[in-house]
Amino acid sequence: MGVSFAPTSLDPESAPLTSNEPSRHSAAGDPFLEGLVVVLVAIGLFLGLRVVFADSGVRGVAVAEWVALVGLPLGLLRLRRRRLKETLGLGPLPSGSVPAALLLGLGALPMAWFAFWIANVAAPVDPEAARILGRELVARDGEELLVLLALAAVTPAICEELLFRGLLLRTLLRRHSPALAIGASSATFALLHWTPDGSARMAPTLLLGFLLGWAVWRSRSLWMGMLVHGFYNATLLAGAAWSLGPGPARPEAPPTAVLLLGIGMLFSGTHVLMLRTPTPSRP
């Protein structure tokens, strides 16, 4: 996709504290270890809440995400007196971000479909579990569609990006190269979506994680990840409604034309974003 990493790259805004605040920095402890602890606690709480709300379907998962992936990390960071804008990378979007995000989000879907098909050969999704999930992702009317978009498109785009491409990625960038940081955050993101009856779904999630991580790193803005993630989720829901795309009950390969279209969109999206943004580098 024309993606390149500079081994020493790091967004200048990565550090949550500026150099003229040494006493506050030392009092708060090591931001790297602190960030990892917050991420681990948030993931642990999310997994616990997901079990508690297991019978509530998509609504239960949404509640668990807002509480564990947003509420808990923000609360802990505020208690540690971290500046949220810098710590999470909530910088302004560069010009041309929305078209680039749209191209990346739409282009990622055929690639995710292909990855799901490949992974399903090695670890087939349980048909009954797939049918249950498929029913939850299909709206029966306009009102239900709006609710589903809020729960399964907007909520993950905000909550998961805040934890994985916000706190975790920026924490890892403090000590590691962009490639390693993006890879580790993407693997953690994929593991969060693992289920015993649907291991194949981790493959497209891992692929999406790499794309989101690169987009956030390149744009220096977490908002970019939220946009791409939101467009991807909304397209996935639309595909489920029309029985198209990598739905849980559709393990066949994507049509060649659709796959080529997705590759073209990904190339176009990365090209637009790279034209609009300089390569992040150390100050």
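Residues numbered from 1 in each chain as written. Predicted model: local features only at pLDDT ≥ 70, side-chain atom pairs only at ≥ 80, totals over all residues. Heavy atoms only, no water.

(A) Geometry of the overall build of the chain. Secondary structure summary: the chain contains 11 helices and 0 strands in total. Order of helices (α) and strands (β) in the chain, N terminus to C terminus: α-α-α-α-α-α-α-α-α-α-α. Across the chain, every contact between residues at least 6 apart in sequence was considered, and the portion connecting residues at least 24 apart equals 82%. When the accessible surface of the chain is split by element, carbon and sulfur atoms take 70% of a total near 13,100 Å². (Helix = DSSP H or I, 4+ residues; strand = E, 2+ residues; numbered from the N terminus. Contact = heavy atoms within 4.5 Å. Areas by Shrake-Rupley, 256 points an atom, 1.4 Å probe, with all protein chains shown as cover.)

(B) Representation of the nonpolar core within the structure. Among the nonpolar cores identified, the biggest contains 46 residues, and Leu 69, Leu 104, Leu 163, Phe 164, Leu 167, Met 224 and Val 228 are the most heavily contacted of them. By residue number, the principal contributor to this core is helix α7 (residues 142–172), which donates 8 residues. Setting aside its immediate chain neighbours within four residues, Met 224 contacts Leu 93, Ser 97, Ala 100, Ala 101, Leu 104, Ala 215, Ser 219 and Leu 273. (Core = buried A, V, L, I, M, F, W, Y, C linked by side-chain atoms within 4.5 Å. Buried < 20%, exposed > 50% of the residue type's maximum accessible area, 1.4 Å probe, protein only.)

(C) Here's a closer look at the packing of aromatic side chains. With the rule as written, the count across this model stands at 2 aromatic pairs. Here Phe 114 and Trp 117 contribute two aromatic rings whose centre-to-centre distance is 5.7 Å and whose plane-to-plane angle is 50°, an arrangement assigned as tilted. Of this pair, Phe 114 and Trp 117 both sit in helix α5 (residues 97–122), separated by 3 residues, roughly a single helical turn. You can call Trp 117 partly exposed: its relative accessible area is 28%. Lying over the aromatic face of Phe 189, Arg 165 brings its terminal NZ or CZ to 4.2 Å of the ring centre. (Phe/Tyr/Trp six-rings, centres within 6.5 Å; stacked < 30°, edge-to-face > 60°. Lys NZ or Arg CZ within 6 Å of the ring centre and 35° of its normal.)

(D) Just a nonpolar patch on the surface, in detail. Taken together, the side chains of Leu 45, Val 63 and Val 67 make up a nonpolar region of the molecular surface, amounting to roughly 200 Å² of accessible area. You can see Leu 45 is positioned in helix α2 (residues 31–52). A relative accessible area of 32% means that Leu 45 is categorised as partly exposed. (Patch = residues over 30% accessible without salt bridge, like charges linked within 9 Å, V, L, I, M, F, W, Y side chains within 5 Å. Salt bridge = Lys/Arg side-chain N within 4 Å of Asp/Glu carboxyl O.)

(E) Spatial organisation of the environment of Glu 252. Within the secondary structure, Glu 252 is located in the loop between α10 (222–241) and α11 (256–276). Considering only alpha carbons, one finds Glu 252 and Val 121, 131 residues apart in sequence, at a separation of 9.6 Å. Beyond its immediate stretch of four places on either side in the chain, Glu 252 contacts Trp 113 and Trp 117.

(F) Focus on the confidence of the model for the chain. Mean pLDDT for the chain: 84, with 81% of residues reaching 70 or above. For the chain, helix α1 (residues 22–28) is the element with the lowest average pLDDT, namely 43, and helix α8 (residues 178–192) is the one with the highest, namely 96. Throughout residues 1–28 the model reports pLDDT below 50, and contacts reaching past four residues in sequence, or to other chains, amount to 63 contacts. Low pLDDT, under 50, characterises residues 245–249; the predicted model gives this stretch 14 contacts beyond four residues in sequence or across chains. (pLDDT = per-residue confidence, 0-100.)

(G) Main features of unusual backbone geometry. Despite not being glycine, Arg 81 has its phi angle at roughly 65°, a positive value. By the element assignment, Arg 81 lies in the loop between α3 (57–79) and α4 (84–88). Overall, Arg 81 belongs to the exposed group, its relative accessible area being 52%. Positive phi, close to 60°, is recorded for Arg 220, a residue that is not glycine. One can find Arg 220 in the loop between α9 (202–219) and α10.

(H) Seen up close, the packing of α2 against α7. The interhelical angle for the contact between α2 and α7, taken along N-to-C directions, is 150°, at an axis separation of 8 Å. Between α2 and α7, the angle is such that the two are roughly antiparallel. Along this stretch, α2 crosses α7, giving a crossing that reads as left-handed. In this structure, α2 contributes Pro 31, Phe 32, Gly 35, Leu 36, Val 38, Val 39, Ala 42 and Ile 43 to the contact, and α7 contributes Leu 163, Phe 164, Leu 167, Leu 168, Thr 171 and Leu 172. Split into classes, the residues belonging to the contact of α2 with α7 amount to 12 nonpolar, 2 polar and no charged. (Axes fitted to C-alpha atoms, helices over the stretch in contact; angles between N-to-C directions. Parallel < 35°, antiparallel > 145°, perpendicular 65-115°, else oblique. Left-handed = near helix turned anticlockwise from the far one by under 90°. Nonpolar A, V, L, I, M, F, W, Y, C, P; charged D, E, K, R; others polar.)

(I) Summary view of the side chain of Thr 277. Within the fold, Thr 277 resides in the segment after α11. Of the residues examined, Thr 277 reaches a relative accessible area of 4% and is grouped as buried. Within the structure, Thr 277 has its side chain in polar contact with the backbone oxygen of Leu 273 (distance 2.6 Å). In this structure, Thr 277 is in contact with Pro 94, Arg 218 and Ser 219, ignoring residues within four places of it in sequence. (Polar contact = N/O pair within 3.5 Å; in protein donor to acceptor, adjacent residues only side chain to side chain.)

(J) Region of the structure containing the pattern of salt bridges. Scanning the model with the defined rule gives 5 salt bridges in all. One salt bridge connects Glu 161 with Arg 165, and the closest N-O pair in it is separated by 2.6 Å. Taken together, the residues Glu 161 and Arg 165, both in helix α7 and 4 residues apart, mark about one turn of the helix. According to the relative accessible area criterion, Arg 165 is buried, its value standing at 0%.

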